Amino acid sequence: MSSFTRVAEIAELPDGTMKKVTVGEKEILIARSGSRYFAADDRCPHMNGDLSLGTLSGTVVTCPVHHSQFDLTDGRVVRWTDFTGFKLSAAKLLKSPKPLTTHEIKVEGNGIFVALKEG
Ligand code: FES
């Protein structure tokens, strides 16, 4: 069963921002879009880019390295790198698109809490 860990205060995460926190040994990305909060692995499934250094647009995070995009609502791949043509085909062959692992997040009082997905 997953247990929630307090990772930040609501005031630390204004609307439209992201933040890297640590839960146990794991770097986790938390993000806020309006009144919705999201948690996911901070490291890009492509080549470990630090997603907290990327950009957030609505619920979509863009990796700062090769600009893959993931929807934080479920982790699905919106775009796999910003490569095109042959380079994109080669990139998909070398490393097939992989969704971002998302985690449970909740707000209680002034705190933000995350429970890691098990497995
Ligand atoms: S490391 Fe994130 S897109 Fe390549």
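Presented here is a report on the structure given in the accompanying data block. Treat the numbers as computed from the prediction; the structure is a model and nothing was measured.

Moving on, we come to the overall build of the protein chain. Within the protein chain one finds one helix and 10 strands. Reading the protein chain from its N terminus to its C terminus gives the helix and strand order β-β-β-β-β-β-β-β-α-β-β. What you see for the protein chain is a C-alpha radius of gyration of 15 Å, in line with the 14 Å of a compact globule of 119 residues. A total of 119 residues make up the protein chain; the buried ones form 41% of that total. As displayed, the protein chain has an accessible area near 6,600 Å², and 51% of this comes from carbon and sulfur atoms. Computed over 15 positive and 14 negative side-chain charges, the inter-centroid distance for the protein chain is 6 Å.

Within this model, the largest pocket holds a volume of roughly 150 Å³. What lines the largest pocket is simply Asp 41, Arg 43, Cys 44, Pro 45, Asn 48, Lys 95, Lys 98, Pro 99, Leu 100 and Thr 101. Among the residues forming the lining of the largest pocket, the class breakdown is four nonpolar, two polar and four charged.

What follows covers the nonpolar core. Within soluble globular proteins, side chains that are nonpolar tend to cluster in buried spots. Counting 14 residues, the largest nonpolar core has Met 18, Leu 29, Leu 51, Val 61, Phe 70, Leu 72 and Leu 100 as the members making the most contacts within it. Those elements that place two or more of their residues in this core are strand S3 (26-33) and strand S4 (36-41). Apart from residues lying up to four places away in sequence, Phe 70 is in contact with Cys 44, Pro 45, Thr 59, Val 60, Val 61, Gly 75, Arg 76, Val 77, Val 78, Trp 80, Lys 98 and Leu 100. Residues Ala 8, Leu 13, Ile 28 and Ile 112 belong to the second largest nonpolar core, which totals 11 residues.

What counts, and where the lines are drawn
- Residues numbered from 1 in each chain as written.
- Predicted model: local features only at pLDDT ≥ 70, side-chain atom pairs only at ≥ 80, totals over all residues.
- Heavy atoms only, no water.
- Helix = DSSP H or I, 4+ residues; strand = E, 2+ residues; numbered from the N terminus.
- Rg over C-alpha atoms; globule rule 2.2 N^0.38 Å.
- Buried < 20%, exposed > 50% of the residue type's maximum accessible area, 1.4 Å probe, protein only.
- Areas by Shrake-Rupley, 256 points an atom, 1.4 Å probe, with all protein chains shown as cover.
- Lys, Arg positive; Asp, Glu negative; His and termini not counted.
- Charge placed at Lys NZ, Arg CZ, Asp CG, Glu CD.
- 1 Å grid on protein atoms, 1.4 Å probe; cavity = no way out; pocket = protein on both sides within 12 Å on 5 of 7 lines; lining within 4 Å.
- Points joined across faces, edges and corners; volume = space filled by probe spheres on them.
- Nonpolar A, V, L, I, M, F, W, Y, C, P; charged D, E, K, R; others polar.
- Core = buried A, V, L, I, M, F, W, Y, C linked by side-chain atoms within 4.5 Å.
- Contact = heavy atoms within 4.5 Å.

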